[in-house]
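# Report on the structure
Letter by letter, the chains look like this.
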Amino acid sequence: MSVCKGIVEEAIGRGITDADFDKLGKSFDARVDALRAENPGLGYNDAVSRASKEYIEAGELKNIIQKRNALKNAARKLEGFDYLSKTWADDPGTGLKALLVGVQSEKRGSRSSIGNDQDAITEQYTGGLIADVSKTEGGLDMLVSGDIDDDLARVLWEMSSDGDVSGFSKAAQDIGGAIRKWQEYARVQANEAGAWIGKAKGYITSTFHDTTRIAKNMDGWMESATANFDLARMASEMEVDISEMPDILAGIWRNFADGVHLKLPQPGKTVAKGVKGIGRKLSHDRVIHFKDADAWTRYNTDFGAGNMREAVMYGLRRQGQATAMMNTLGPSYEATFDGIVEDTLRAMKDRREDPSKIAKFAGDARSHKRLYLSHLDGSLDIPGNDAFATAAGNIRAVQGMASLGGMTLSSVSDTATIALGAKYNGLNGLEMIGKGIGNLFGSVPGPEKLELYADLGMALTSLSGKLAHGRFTPGDDARGMLGAIQQKFFTLTLQNRWTDSFRESIAEAMSANLARRAGDAFDKLPDRLQTTMGLYGIDADKWDIFRQVPVDEIEGTRFISPKMMEELPDAPFEGYLTARDLKPTPARIRDLRGEMQRQFRAYFSDQNQYMLLTPDAGTLGMMKQGTQKGTGIGEAVRFIMQFKSFPLAFTQKIIGRELKQGGIVGVSQMIALTMVAGYASSVLKDLAKGKVPRDPTDWRTAVAALQQGGGLGLYGDVLFSQILDRRFGDAAAQLLGPTFSDIFGSQGLAGLTARAAQGEDFGPAALRFVQGNTPFLNLFYTKMAMDYLVFYRIQEWMNPGSLSRMEAEMQERTGQQYIAPPSQTVN
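Here is what the cut-offs are and how they apply
- Residues numbered from 1 in each chain as written.
- Predicted model: local features only at pLDDT ≥ 70, side-chain atom pairs only at ≥ 80, totals over all residues.
- Heavy atoms only, no water.
- Helix = DSSP H or I, 4+ residues; strand = E, 2+ residues; numbered from the N terminus.
- Buried < 20%, exposed > 50% of the residue type's maximum accessible area, 1.4 Å probe, protein only.
- Contact = heavy atoms within 4.5 Å.
- Expected span 1.5 Å × (residues − 1).
- Axes fitted to C-alpha atoms, helices over the stretch in contact; angles between N-to-C directions.
- Parallel < 35°, antiparallel > 145°, perpendicular 65-115°, else oblique.
- Nonpolar A, V, L, I, M, F, W, Y, C, P; charged D, E, K, R; others polar.
- pLDDT = per-residue confidence, 0-100.
- Salt bridge = Lys/Arg side-chain N within 4 Å of Asp/Glu carboxyl O.
- Phe/Tyr/Trp six-rings, centres within 6.5 Å; stacked < 30°, edge-to-face > 60°.
- Patch = residues over 30% accessible without salt bridge, like charges linked within 9 Å, V, L, I, M, F, W, Y side chains within 5 Å.
- Areas by Shrake-Rupley, 256 points an atom, 1.4 Å probe, with all protein chains shown as cover.

With that settled, the discussion passes to unusual backbone geometry. In this structure, E555 takes a positive phi of about 55° despite not being glycine. On the secondary structure map, E555 appears in the loop between β1 (552–554) and β2 (557–559). The exposure class assigned to E555 is exposed, which follows from its relative accessible area of 67%.

Our focus in this paragraph is the environment of R370. Examined against the element boundaries, R370 turns out to sit in helix α18 (residues 355–376). Of the residues examined, R370 reaches a relative accessible area of 40% and is grouped as partly exposed. Counting along the chain gives 256 residues from R370 to G626, while the straight-line C-alpha distance between them is 5.2 Å. Residues within four places of R370 in sequence aside, it is in contact with L380, Q625 and G626.

Turning our attention to helix α19 (residues 386–403). For α19, which comprises 18 residues, the first-to-last C-alpha distance of 25 Å matches the rise-based estimate of 26 Å (1.5 Å per residue) to within 8%. Along α19, the positions that sit buried rather than exposed are D386, A389, A392, G393, R396, A397, Q399, G400, M401 and A402.

Packed helices, taken two at a time, are described by the angle between their axes plus the distance between the axes. Contact pair helix α6 (residues 114–133) / helix α23 (residues 447–455): the axes reach a minimum separation of 8 Å and the direction vectors enclose 170°. Taken together, the axis directions place α6 and α23 in an arrangement best described as roughly antiparallel. Counting all contacts with α6, which are made through E123, Q124, G127, G128, I130, A131 and D132, the residues of α23 involved are P447, L450, E451, A454 and D455. Residue composition of the contact of α6 with α23, grouped by class: 5 nonpolar, 3 polar and 4 charged.

Of the residues in the protein, 85% reach a pLDDT of 70 or more, and the chain-wide mean stands at 83. The model gives residues 1–16 a pLDDT under 50, and that stretch makes 42 contacts with residues more than four places away or in other chains. Taken as a whole, residues 712–729 scores under 50 in pLDDT and shows 41 contacts with residues more than four places along the chain or in a different chain.

It is worth spelling out the pattern of salt bridges at this point. Going through the model one piece at a time under the given rule, you end up with 38 salt bridges. With its nearest N and O atoms 3.8 Å apart, the salt bridge here joins E192 to R590. Of this pair, E192 sits in helix α9 (residues 170–193) while R590 is found in helix α30 (residues 586–611), placing the two residues 398 residues apart along the sequence. Linking R580 and D541 is a salt bridge whose minimum nitrogen-to-oxygen distance equals 3.0 Å. Of this pair, R580 sits in the loop between α29 (571–578) and α30 while D541 sits in helix α28 (residues 540–546), and the two are 39 residues apart along the sequence. Under the relative-accessibility criterion, R580 is labelled partly exposed at 33%. Classification of D541 as partly exposed rests on a relative accessible area of 35%.

Let's shift gears to the environment of F388. By secondary structure assignment, the location of F388 is in helix α19. Residue classification places F388 among the partly exposed positions, given a relative accessible area of 38%. Separated by 242 residues in the primary sequence, F388 and G630 have C-alpha atoms spaced 5.5 Å apart. Those residues in contact with F388, other than ones at most four positions away along the chain, are G630, T631, G632 and E635.

As a further point, take the packing of aromatic side chains. What the rule picks out here adds up to 20 aromatic pairs. Look at F229 and Y299: their rings are 5.4 Å apart centre to centre, the planes differ by 50°, and that puts the pair in the tilted class. Pair noted here: F229 is in the loop between α11 (218–228) and α12 (231–238) and Y299 is in helix α15 (residues 293–303), with a separation of 70 residues, a long-range link. Grouping residues by exposure puts F229 and Y299 together as buried. Centroid distance Y536 to Y603: 5.8 Å. Interplanar angle 75°. Geometry classified as edge-to-face.

Moving on, we come to a nonpolar patch on the surface. On the surface, I640, L736, F740, I743, F744 and L749 cluster together into a nonpolar patch covering about 500 Å² of accessible area. In this structure F740 comes out as partly exposed when scored by relative accessible area, which is 33%.

Spelled out as structure tokens, the structure:
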């Protein structure tokens, strides 16, 4: 069966165990012998290939996959139940949340969650691709620009069809090879977790089907599908007559228009035949076949991502998210989740626990499923009304650009969270901050560094094309021209550069730190580092294995990373399993190696996102409140929560950690550090506006600094000034989101209308409103020049004396003055 096993593994990945093959072996060998007897000239390898094809077509392998996935689901359910029963017996509801998105606790595994695994895996995939593409001179620029998209599609098509790519440019071959490498890696990882994804002839990449464009143009989509899809091949694989394809296409259009494809699927809720659940759906994503590479390009331009880079990134991210879900909950993730809840409730009742505790867990389970599981599987991002969702998202995108021109100055408060996080990882916070500031003025890291970052679960924002606004708002997906403008805006704010510089510094410091400590036993590590690693399920025995891995030396510094565990022999893993009375089979060794890689990668990724504070799945799930995109309540919630991801993340992650782990000393340090960082941020903001910085001895300045550095971020200055000025209505409007404030606030449309109705001069206020809602006018390094050269002059012309009154009002409210008073400079 050795040849057969190789062929089957080539078809479906490495997810079939030796035992499964042994059971299949006798009948398979008999079929090979029969084929050769029927045709004496048939070679052994040809007979094996023909038999394998017959078994695939006959569904024998599907039966094996079904059995394997049933076992995986059962195992994941047992593991989840065991985790809640043993680690979280006192509070299983919190344990269930920990399993999904992680919680703040010192309990082992409390940060080893699906959400953190999704972040680490998707960043590994996209970061790894970026590193490999960067090895080609100008490769990243070519991929981002789309200049060679047509050739890339053709190269990938030929690669999947064993065709000749020698006629294409070396750049297209190299970049195509990098894409295919990571697609294959993601495919194998998904198959090991429970998917069933074969190698498809003519496969280019997972196609992103744009719900907006598809929903509003059924005729156009049907015409494109008929012209570009290989309908004969699709009909053959679906086992239907070609005459049925128009009806099938209509059904596919309906699914795409409804956004069903955006969610990681549920068992029994997909048109795919065979194995159900997430694993089967990942395979079913390849049911649509194209006539050739150019047909794929035409469809992708009209109804897909529009370019190769976004299509490839979409495919890798989706596969990574699905793999992370299966790693914890198995292929039938919702059924497994429900099973864990049911088994836990049954056990609690059998133990005759307090009915109120049982009721609390049942309520927690319903809430966590609605808030967090629905966020993780994409359910909440399926638009109820696509046109409404698109319009609302575009409004928020413009609002974001209009409001975030000074976001990099607000990010100075990151220095406080970096310093706070350093103590939990045995690191020097000042050293990391200094290195991050130095990186701001450095060049883009080379391929070796990029590979290291990817393996540590980090892809550089400026290179991956991700928008920096993900740190501040629930990530509306602005596409087309608006998406391109938005991406350019966040580059011009320098936020991408700031984020990348400090993420680089943190990643390198964490990796080098563990490399330096590789000679120390677990109990010799700093106590807080031991606790932090334990949050990801890393115990003393796993550390003893990890510290044996070879280290990389890059630019004179030694680094340690999860991928190097592939270089370790089986012996350390065998010892770990034997010590736990488990037979060290090849499958268990492979699973343990993969589990440890995920745990260390989650440690590096999640702690990086603590220090350079980034909202996690728990924060984003809380922000969406279980509401669906494109519905009235869903969009209202998203408008209200705009810009609040950062303060929520600070509350949940930083304050929560200090209360749970730091105690009174930790809380005191947090207050001191955030106040200093907040004051530094406010000074830079004042200088960028031409103002004299606030008096540090004024109590109002201290409170404002604490608010600025302590998570209110973008809202700190606005809310504080409004409350002090007794403008409680404006403060309340701001809390309901910038769009609500711009409509109903005293400085918004309602206020302007009221002034006009009362005959008041509303010209200067209208000017400020337009200025405050126009993207690109608020970039922190150009705003002061625009104010003095243009807007102050227009304001004084429209309302003589208004600048003097503005200066007096600011003096009374904050005690500040302008460095160069506008009223004097415009005359």
